[in-house]
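A structural walkthrough
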Amino acid sequence: MASYCLTVTRLRLALGGGARRFHVSAAFSAKAKVAMSRFEPGSSIGYEKMHENINIVRRRLGRPLTLSEKIVYGHLDDPAGQEIDRGRTYLRLRPDRVAMQDATAQMAMLQFISSGLPRVAVPSTIHCDHLIEAQIGGSEDLQRAKEINEEVYNFLATAAAKYGVGFWKPGSGIIHQIILENYAYPGVMLIGTDSHTPNGGGLGSICIGVGGADAVDVMAGIPWELKCPKVIGVKLTGSLSGWTSPKDVILKVAGILTVKGGTGAIVEYHGPGVDSISCTGMATICNMGAEIGATTSVFPYNHRMKTYMEKTGRAEISSLTEQFKDDLVPDKNCEYDQLIEINLSELKPHINGPFTPDLAHHVSDIGAVAQKSGWPLEVKVGLIGSCTNSSYEDMGRAASLAKQAMDRGLKCKAQFTVTPGSEQIRATIERDGYAKILRDVGGIVLANACGPCIGQWDRKDVKKGEKNTIVSSFNRNFTARNDANPATHAFVTSPEIVTALAIAGTLDFNPETDYLTAPSGEKFKLEPPTGDELPSRDFDPGQDTYQHPPAEGNSVKVDVSPSSNRLQLLEPFDKWHGKDLEDMRILIKVKGKCTTDHISAAGPWLKFRGHLDNISNNMLIGAVNSENDAVNKIKNQLTGEYEGVPDVARHYKANGENWVVVGDENYGEGSSREHAALEPRHLGGRAIIVKSFARIHETNLKKQGLLPLTFVDPSDYDKIRPDDKISITGLSSLTPGKPLAAGIRHSDGSQETITLNHSFNETQIEWFQAGSALNRMKELQ
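What you are looking at is a predicted structure, and each value in this text was computed from that prediction instead of being measured. (Residues numbered from 1 in each chain as written. Predicted model: local features only at pLDDT ≥ 70, side-chain atom pairs only at ≥ 80, totals over all residues. Heavy atoms only, no water.)

**A look at the sheet that holds strand β25 (residues 659-662)**
Strands sit in the order β22-β25-β26-β27-β30-β29-β28 around a closed barrel of seven strands; the barrel is mixed. Put simply, the sheet's adjacent strands are angled 40° from each other on average, direction ignored. Bridging between strand β22 (residues 581-589) and strand β28 (residues 725-729) involves three bridges; their strand directions are antiparallel. Bridged to R585 within β28 is K725. (Pairing = 2+ DSSP bridges. Helix = DSSP H or I, 4+ residues; strand = E, 2+ residues; numbered from the N terminus. Axes fitted to C-alpha atoms, helices over the stretch in contact; angles between N-to-C directions.)

Rendered as structure tokens:
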């Protein structure tokens, strides 16, 4: 039985495609056997091996383990010898697989090509979801994207085929929904080049968002490093009902922990309340855990997950999981670094924003708060869907409200858009009538893609700079993120509340207490939303949009034209010269929040994600300059002129002037995009000095040979002036845990010294010395 268990797990990991493409019987279908023999580029951990590793670690530590620890430590490269100390040591792990979305896959694959390796060592997939702009409607926007992005899609498809990577074509759906439907299962460890990869935690997986360089490590078969995460427990009691939804759990948690409260930790949900949440609802909660800075989030295995796997063609995995279920729940009496308790029976519907996802309000209070704060009450657009909330259940509950309105002759007062999470969801809601209801109430069904959630939205109803309000079921609402308009007040909430507010057309509508007026004059209240967790019939898979890699890819040609403005082969970054970094310019001293959107904007810039020099023209153009409170307007200290940030950086680089960026708290929060690290490195940056970092961005900076440093005394931020020069000393003796000194030379001739911390370990110091992690990998080949 043990070997059978391991084989089934390996089979599931080996299949580069979706479960619905290979319906595996207990005896294995011939097609599945062929698929397994054709594509098993590396060994997987499997439940048996994970069980063995868990027991080794439990004996060593002599204490009960949390679920997070079981899965993470179960994937240790050396469970017997690995030093384990939550929040301090670095773990060397063996993830089971890699997933990449198309915007980040371009740079990840370019780096993999640069590594010189012939084929990926673990099962990996590319998902085309980021480059489709919402403009007219699903089919029209998809066709337009295929035409505009033909060069990029061709590059990704051929690179995938050559190096053994599965390829989900444009129109397949959003990466995280595809993973949930096909690749996630309880106990698997997956890394993905997108910050919302933790979505898979809803199926009991440890799924972690990373930069492309981390993905390259795993695809190369190198143990992957992760700082041993702390574990925040969230105990759920009671049960969800009425207008309260799974989204309200994470909106509540975000209000408690803030955008940086989960940094360096896995959020582990547990308790009797878990069973009242659907599997896709649990995924919603884990997905938005990225907004609190968490390494990932996870739920314990239960019957909801079993049913979801069975419904999505993975009954064999489900039965196997049952045999190892004790490894897929926390041990009794395990200890958490922090514990939060939420009674779901008392939880109220929430809406968070604007401009930050941790500004939490009860829906019943938001109208008064908005009036007091001067936020526009009219809801211009309601948007449901995205990777966070596009399940069958989400769409059904939204449709139940839309039908109530239509039955009384009402349609949405606001514009209303619907984004299916996958082709499977789109096809199934079309078949079951939900899509028609949502269209009839005034909605536009967009392509199976990220769309407005990531700024891929050709919005026409307001002018840039016009103050307005939108509400969405998305996960992130930073300034200008959705529509490039900094005056848009974006709020995130559940699909049910979005639908109700779109029907009412105003932010101060509370569906639990307020009445709508039908054309007949009848006043009525919306009944609480209802919807099936899963379709009564099987899911409709829709169109087959998956390209399996060939058994051998040597003959596949991958072309990158030297004249392309979309793609550019990478040149190695320069190695550290072995000396201290002296008299570096302050490129910009950033004031306040600086997310990866501020550092490397998405939206129209997504088309340059495969061309490092072109996309570097957006570096820090959204960051606020502390000198003048302006964006993209800094003083060139060599010319005395005020110019855009990338322009000044290029001028400094051309004149041999190294530079640093100075920043505030939680610098680099948000997306996993490594372009926010690649661009500063490409344009001559050497160090980023801030009060604190978001986890993924700090790692990305290290991977590209930059120095991410933090003030020992946060008030030292105030000592730095825009025209200063900074020297970082002690680099020849750079060692883990030993701070560095920074000398500040002011323009008036005065000088002072401050102390800077770093979190480099020995391996990461080698990355810095080699010029990048990729350089170091090539040195070791």
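Once the structure has been displayed, the description carries forward.
**A word on the environment of N625**
With respect to the element layout, N625 can be found in the loop between α20 (612-615) and β23 (634-635). Its relative accessible area of 2% is what places N625 among the buried residues. Other than its neighbours up to four places away in sequence, N625 contacts I588, K589, A630, K633 and I634. A distance of 3.2 Å separates the side chain of N625 from the side chain of N628, its partner in a polar contact. (Buried < 20%, exposed > 50% of the residue type's maximum accessible area, 1.4 Å probe, protein only. Contact = heavy atoms within 4.5 Å. Polar contact = N/O pair within 3.5 Å; in protein donor to acceptor, adjacent residues only side chain to side chain.)

**Let's talk about the pairing of strand β26 (residues 685-690)**
The element β26 is extensively covered by neighbouring structure, given that six of its six residues are classed as buried. For β25 and β26, the ladder comprises four bridges, and the chain directions are parallel. Along β26, the bridge assignment pairs V660 with A687. With helix α22 (residues 675-682) bridging β25 and the parallel β26, this β-α-β connection has right-handed handedness. Note that β26 and strand β27 (residues 707-711) share four bridges and pair parallel. Note that in β27 the partner of I689 across the bridge is L709. Of the crossover connections in this fold, the one passing from β26 over helix α23 (residues 695-703) to the parallel β27 is right-handed. (Right-handed = clockwise from strand over helix to strand, strands pointing away.)

**Side note on the packing of helix α10 (residues 246-257) against helix α11 (residues 279-287)**
At their nearest, the axes of α10 and α11 sit 8 Å apart, and the two run at 20° to each other. With respect to each other, α10 and α11 are oriented roughly parallel. Helix-helix and strand crossings are classified by hand; for α10 and α11 the assignment is right-handed. Contacts from P246, K247, V249 and I250 of α10 reach α11 at G281, T284 and I285. Residue classes in the contact of α10 with α11 are distributed as four nonpolar, two polar and one charged. (Parallel < 35°, antiparallel > 145°, perpendicular 65-115°, else oblique. Left-handed = near helix turned anticlockwise from the far one by under 90°. Nonpolar A, V, L, I, M, F, W, Y, C, P; charged D, E, K, R; others polar.)

**Examining the state of the cysteines**
By the definition in use, this model includes zero disulfides. This cysteine, C228, is not joined by any disulfide, and C334 carries the nearest cysteine sulfur, 14 Å off. Not engaged in a disulfide, the cysteine C450 finds its nearest cysteine sulfur in C387; these two sulfurs lie 6.5 Å apart. (Disulfide = S-S within 2.5 Å.)

**Quick word on the confidence of the model for the protein**
Per-chain confidence: the protein averages 93 in pLDDT, with 94% of residues scoring 70 or above. Predicted confidence is poor over residues 1-45, with pLDDT under 50, and the contacts of this stretch with residues over four places away or in other chains come to 118 contacts. (pLDDT = per-residue confidence, 0-100.)

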